[in-house]
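In case you want the letters, here they are:
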Amino acid sequence: MQVDETWYLVLSAMLFTIGACGLLVRRNPLVMFMCVELMLNAVNLTFVTFSNVLNDVAGQVVVFFVLVVAAAEVVVGLGIIVAILRRRPNATADDVSMLRG
Amino acid sequence: MTVDTVVFVVAALVILVGALGVIFSRNPVHSALMLVMTLFGVAVLFVAQEAHFLAAVQVIVYAGAIVVLFLFVIMLLGVDTAENLSVDPLGGQRPAAGVVGVAAVGLLAVLAVRAVQVSTGAQSVTLPLDSGRSNIAVLAEVLFTDYLYAFEVTSVLLVIAVVGAVVMARRPRPEAPDDAAGDELGVERHTETESELA
């Protein structure tokens, strides 16, 4: 059995889906954030796989930028979560519905 | 079974168990630790695909900074209490999520398999990876030439994130002095830590 790129792509599809389902099902904003990280990692794995398949470094550069954006996103997102939870401990994502259309 | 296969299977198991652990843990702290497990598995697969720099950055930035920030917020807010997962606040949401999940895995897997066949196949448009130089050298050359503008924009993004974190962590209005003393300390400490990370 030889590992080829399809294995990596299927694995990252599974990882992405697990993250997406967790984001839909969980109510704790912190856990939802972790699920976003899972999805980002799945995409990173796909980028690196295609970078390897096509022998092109651009995919790895994109992963580098995704890492930076993820770090910035976590800082701001956790700031928002702290601001919300400090007012109302035990708030879930359902309690923050003022932006609902 | 070659070494590659063994590495892939073990890393894939670690990744999937960790990812499921993130979703199914009732305690956010356990979720964060499971997230670390997944991130390490992904780092192993990066090494297996010879993206050495990204594997190191993955461990340092994700496991070292992001997850620590998660744990820090969990501890700061004291929300590390187990959540009761047995109630389903929206009836039928979980079965629906399961169905959507299975469908999405199937769709994405088919897309992935097809993508390998139908991708343009243009090799090494930016710069080849197998030029005999180290991974870091190749990555750096592209990053500081072709992607220099994006790299600079990244620094602007980080500054914006720092400013955003400071604004978020500030108390919105300087209100009644009754709860000022204890809270102000907490606010200051928090601001400092978030700026540090970014």
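Fair warning: this is a prediction, and the values are worked out from it, not measured in the lab.

**Re the overall build of chain A**
Point 1. A count of helical and extended segments in chain A gives three helices and zero strands.
Point 2. Listing each helix as α and each strand as β along chain A from the N terminus yields α-α-α.
Point 3. Here the C-alpha radius of gyration of chain A, 17 Å, is well above what a compact globule of 101 residues would show, namely 13 Å.
Point 4. When the 101 residues of chain A are sorted by exposure, 58% land in the buried category.
Point 5. Counted over contacts in chain A with a minimum sequence separation of 6, partners at least 24 positions apart contribute 59%.
Point 6. Roughly 3,900 Å² of accessible area belongs to chain A as shown, and the carbon and sulfur atoms make up 68% of that amount.
Point 7. Each charge class in chain A was averaged separately, 6 positive and 7 negative side chains, and the resulting centres sit 23 Å apart.

**Considerations on a nonpolar patch on the surface**
Point 1. A cluster of nonpolar residues, Met1, Val6 and Val10 of chain B, forms a patch on the protein surface that exposes about 300 Å² of accessible area.
Point 2. With respect to the secondary-structure elements, Val6 of chain B resides in helix 1 (residues 3-24).

**What to know about the interface of chain B and chain A**
Point 1. Taken residue by residue, the interface counts 90 residues in chain B and 67 residues in chain A.
Point 2. Both faces considered, chain B and chain A share a buried interface measuring about 7,000 Å² in area, 74% of it formed by carbon and sulfur atoms.
Point 3. On the chain B side of the interface with chain A, the three residues burying the most area are Phe8, Gln49 and Phe70 of chain B, jointly 10% of the side's total.
Point 4. Across the chain B-chain A interface, the total number found is zero salt bridges.
Point 5. The tally of links between chain B and chain A comes to six residue pairs in polar contact (both at pLDDT 80 or more).
Point 6. For the side of chain B that touches chain A, the secondary-structure elements that each account for two or more residues are helix 1, helix 2 (28-48), helix 3 (52-77), helix 4 (93-118), helix 5 (135-143), helix 6 (148-169) and helix 7 (180-197) of chain B.
Point 7. Looking at the side of chain B that touches chain A, its residues break down into 65 nonpolar, 17 polar and eight charged.

**Quick notes on the pattern of salt bridges**
All names here are of chain B.
Point 1. Summed over the entire model, instances satisfying the criterion amount to one salt bridge over all chains.
Point 2. The salt bridge partner of Arg133 is Glu141, with a shortest N-O separation of 2.8 Å.
Point 3. The partly exposed category is assigned to Glu141, whose relative accessible area is 35%.

**Let's talk about the packing of aromatic side chains**
Point 1. Going through the model one piece at a time under the given rule, you end up with eight aromatic pairs over all chains.
Point 2. Taking the centre distance of 6.2 Å and the plane angle of 65° together, the rings of Phe33 of chain A and Phe70 of chain B count as edge-to-face. Taken together, the residues Phe33 of chain A in helix 2 (residues 29-53) and Phe70 of chain B in helix 3 connect one chain to another. The two residues Phe33 of chain A and Phe70 of chain B agree in class, both being buried.
Point 3. With a centroid separation of 5.8 Å and 70° between ring planes, the pair formed by Phe64 of chain A and Phe65 of chain A is classed as edge-to-face.
Point 4. Under the relative-accessibility criterion, Phe64 of chain A is labelled buried at 15%.
Point 5. Taken together, Phe64 and Phe65 of chain A together with Phe53, Phe144, Tyr147 and Phe151 of chain B form an aromatic cluster joined through their ring pairs.

**As for the packing of helix 2 of chain A against helix 2 of chain B**
Point 1. Between helix 2 of chain A and helix 2 of chain B, the least distance of the axes is 11 Å, while the angle of their chain directions is 5°. It follows that helix 2 of chain A is roughly parallel to helix 2 of chain B by the angle criterion. Judged by residue contacts, Val31, Met34, Glu37, Leu38, Asn41, Asn44, Leu45 and Val48 of chain A of helix 2 of chain A engage Pro28, Ser31, Ala32, Leu35, Thr38, Leu39, Val42, Leu45 and Phe46 of chain B from helix 2 of chain B.
Point 2. The class makeup of the residues in the contact of helix 2 of chain A with helix 2 of chain B is 12 nonpolar, four polar and one charged.

**A closer look at the nonpolar core**
Point 1. In terms of nonpolar packing, the biggest core is built from 65 residues, with Leu11 and Leu78 of chain A together with Leu35, Leu45, Phe46, Leu54 and Phe70 of chain B touching the most fellow members.
Point 2. Going through the elements one at a time, helix 1 (5-25), helix 2 and helix 3 (58-87) of chain A together with helix 1, helix 2, helix 3 and helix 5 of chain B are the ones with two or more residues in this core.
Point 3. In terms of residues, this core owes the most to one element, helix 3 of chain A, which gives 14 residues.
Point 4. The residues contacting Leu54 of chain B, other than those within four sequence positions of it, are Val48, Gln60, Val63, Phe64 and Leu67 of chain A together with Phe46 of chain B.

**Focus on the confidence of the model for chain B**
Residue and element names in this part refer to chain B.
Point 1. When pLDDT is averaged across chain B, the result is 82; 83% of the residues are at 70 or more.
Point 2. Below pLDDT 50 for its whole length, residues 180-194 participates in 19 contacts with residues either more than four positions away or in separate chains.
Point 3. This complex was scored by the predictor with a pTM of 0.84 and an ipTM of 0.91.

Procedures and definitions
One numbering rule holds for all chains: residues counted from 1, following each sequence as written. Throughout, the order in which chains and ligands are written sets their labels, letters from A for the former and numbers from 1 for the latter. Given that this is a predicted model, residues contribute local features only at a pLDDT of at least 70 and side-chain atom pairs are listed and counted only at 80 or more, while totals for whole chains, interfaces and linings are drawn from all residues. Heavy atoms from the whole structure form the basis of all side-chain values; hydrogens and water molecules are not counted. Secondary structure elements follow DSSP: runs of H or I no shorter than four residues count as helices, runs of E no shorter than two count as strands, and numbering proceeds from the N terminus. A radius of gyration in this sense is built from C-alpha atoms; the matching globule rule multiplies 2.2 Å by the number of residues raised to 0.38. Between buried and exposed lies partly exposed: a residue is buried under 20% and exposed over 50% of the maximum accessible area for its type, with that area taken using a 1.4 Å probe on protein chains only. Any two residues having at least one pair of non-hydrogen atoms within 4.5 Å are treated as being in contact. Here, Shrake-Rupley sampling with a 1.4 Å probe gives the accessible areas, and only protein chains in the shown set may cover a residue. By the counting rule applied here, Lys and Arg register as positive and Asp and Glu as negative, while His and the ends of each chain are not counted. Each charge is placed at NZ for Lys, CZ for Arg, CG for Asp and CD for Glu. Nonpolar side chains (Val, Leu, Ile, Met, Phe, Trp, Tyr) are joined into patches within 5 Å and like charges within 9 Å, using only residues with over 30% relative accessible area and no salt bridge. Salt-bridge detection follows one rule: a side-chain nitrogen of Lys or Arg within 4 Å of a carboxyl oxygen of Asp or Glu. In this description, buried area is defined as the sum, over both parts, of the accessible area (probe of 1.4 Å) that is lost when the two are combined. Polar contacts here mean pairs of N or O atoms no more than 3.5 Å apart (in protein, one a potential hydrogen donor and the other a potential acceptor; neighbouring residues in sequence count only if both atoms are side-chain atoms). Amino acid classes used here: Ala, Val, Leu, Ile, Met, Phe, Trp, Tyr, Cys and Pro are nonpolar; Asp, Glu, Lys and Arg are charged; the rest, including Gly, are polar. Pairs were defined over the aromatic rings of Phe, Tyr and Trp, the Trp ring being its six-membered one, requiring ring centres within 6.5 Å. Orientation was assigned from the angle between planes: stacked under 30 degrees, edge-to-face over 60, tilted for the rest. Note on method: axes are straight lines fitted to C-alpha atoms, helices fitted across the in-contact stretch only, with angles between N-to-C directions ranging 0 to 180 degrees. Note on angle classes: values under 35 degrees are labelled roughly parallel, values over 145 roughly antiparallel, values of 65 to 115 roughly perpendicular, and the remainder oblique. What we call a nonpolar core is a set of buried Ala, Val, Leu, Ile, Met, Phe, Trp, Tyr and Cys residues that are connected through their side-chain atoms within 4.5 Å. Confidence of the predictor in every single residue is expressed as pLDDT, which spans 0 to 100.

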